[in-house]
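Here is what each chain is made of, one letter per residue.
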Amino acid sequence: MAQIDGLPPLRDVIAKHGLNAKKSLGQNFLLDLNLTSRIAKSAGPLDDCTILEVGPGPGGLTRALLAAGARKVVAVEKDSRCLPALQEISDHYPGRLQVIEGDALALDPVALTGGGKVRIAANLPYNVGTQLLVNWITTDTWPPFWSSLTLMFQKEVGERIVAQPGSKSYGRLAVLAGWRCKSGILFDLNPKAFTPPPKVTSAVVHLTPNPAPLRCDLSALERITAAAFGQRRKMLRASLKSLTPDAEALIVSAGLLPTARAEEIDVAGFVHLAEAFKSVRAV
Ligand code: SAM
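Residues numbered from 1 in each chain as written. Predicted model: local features only at pLDDT ≥ 70, side-chain atom pairs only at ≥ 80, totals over all residues.

### Structural notes on the domain arrangement of the chain
With domains assigned, the chain is organised as domain 1 (2–209) and domain 2 (218–282). A separation of 34 Å is found between the C-alpha centroids of domain 1 and domain 2. Contacts between domain 1 and domain 2 engage 9 residues on the former and 11 residues on the latter. In the side of domain 1 that touches domain 2, the residues fall into 4 nonpolar, 4 polar and 1 charged. (Domains from an automatic or database assignment. Contact = placed C-beta atoms within 7 Å. Nonpolar A, V, L, I, M, F, W, Y, C, P; charged D, E, K, R; others polar.)

Structure (C-alpha cells):
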C-alpha cells in the first residue's frame with residue numbers, strides 16, 4: 001500500500017474512529033492510496049485552485065489531493081463520525097483543509113469555496129451523486145463556478161453522462177451534460193477497490209464546461225427531454241403530444257423529422273426543440 005503522507009493507513013483510521021460503512025450514506029470507501037492518488041492527479045492542476053470535495057469519509061481522496069499539491073481543499077461531509085479523522089488530516093496539512101459538516105445538496109458551493117477558481121473532485125455517494133451533478137451543470141451562471149469535475153459514479157451512470165446519440169445509455173443526463181460540458185470516462189474501478197465492495201463497477205468521469213453552449217431555456221429543455229425519453233421507443237410526434245397538441249408542427253419548426261425517435265436526436269436537435277417549445281408556450 002502506498003505511503004503518501006506519513007499519516008496512518010486508512011484501515012487503521014477506520015478502526016480507530018469506528019467508521020463502519022453506512023449504506024444509507026452511500027459509504028463505499030477507497031482505501032488504496034495508489035488509486036486515490038491516480039484519481040487526484042486526473043483532476044488536473046491542483047495548485048491553482050480550491051478543490052471542493054463532497055463526502056471525504058475517512059479521507060482517502062482528501063489525503064491524495066493534498067499530497068498531490070492541492071492548495072486548498074474544502075470538504076463537505078454529512079457523517080459527523082468522520083470529522084475527527086478529517087481533523088487529523090487537517091492538522092497534518094495546516095491551513096489547507098477545511099471540513100464542513102453538512103449535506104452537500106443543501107449548501108451553496110460558491111459560498112463554500114469563496115469565489116476564485118474551483119475544481120470539484122469526489123467519490124460521490126451513489127444516492128445523491130446524479131442530483132449533485134445535475135445541480136452543478138445547470139447553474140444559472142455560465143461558465144459555472146467550477147472549471148472541472150472529476151467524479152466517481154457507478155459505471156452505468158458514467159455511461160449515461162457521456163453517451164452519444166444512438167446508444168442505449170443516451171438520455172436526459174447525456175443531453176444536459178452534452179449541452180453544457182465536454183465529458184469522458186477516464187477509467188473504471190473494480191468493486192474490489194472499495195470497502196465494502198459495491199455490487200457494480202465504478203467509473204471516474206471528467207467534465208469540463210463548454211465555454212459557449214447553445215442558448216437554451218433550461219426548463220424547456222428538461223420538459224422536452226423528459227417527454228421524449230419518457231417514451232423513448234415512440235416517434236417524437238407521439239411522445240411530445242403530452243406537451244403540445246400540435247407536436248408535429250413543433251418538431252418541424254425545430255428542423256427535425258416528426259418520425260424520429262428521442263435517441264436519434266443530438267444535443268443541438270434537443271436545444272432547437274426546447275427553443276421552439278419555449279416560443280410556443282410564450283404565444
Ligand atoms: N471519499 C471517500 C472515499 O473515497 O473513500 C468516501 C466516499 S463514499 C462513496 C461517500 C461519502 O459521502 C461518505 O463519506 C458519506 O458519508 C458522504 N455523504 C453521503 N451523503 C452526503 C451528502 N448529502 N453530503 C455530503 N456528504 C455525503
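There's more to say after this.
### Here's the deal with helix H4 (residues 83–92)
Among the residues of H4, those classed as buried are Ala85, Leu86, Ile89 and Ser90. All buried residues of H4 project into a common sector of 145° when viewed along the axis, lining one side. For H4, the elements touching its buried residues are helix H1 (10–17), helix H3 (60–67), strand S3 (72–77) and strand S4 (97–101). (Buried ≥ 20, exposed ≤ 12 C-beta atoms within 10 Å, placed from the backbone. Helix = DSSP H or I, 4+ residues; strand = E, 2+ residues; numbered from the N terminus. Arc of directions from axis to C-beta.)

### Here we look at the environment of Leu31
Along the chain, Leu31 falls in the loop between strand S1 (29–30) and helix H2 (33–42). Among the residues examined, Leu31 registers 17 C-beta atoms within 10 Å and is labelled partly exposed. Along the primary structure Leu31 and Leu218 are separated by 187 residues, whereas in three dimensions their C-alpha atoms are 39 Å apart. For Leu31, the contacting residues outside a window of four places in its chain are Leu10, Arg11, Gly60 and Thr195.

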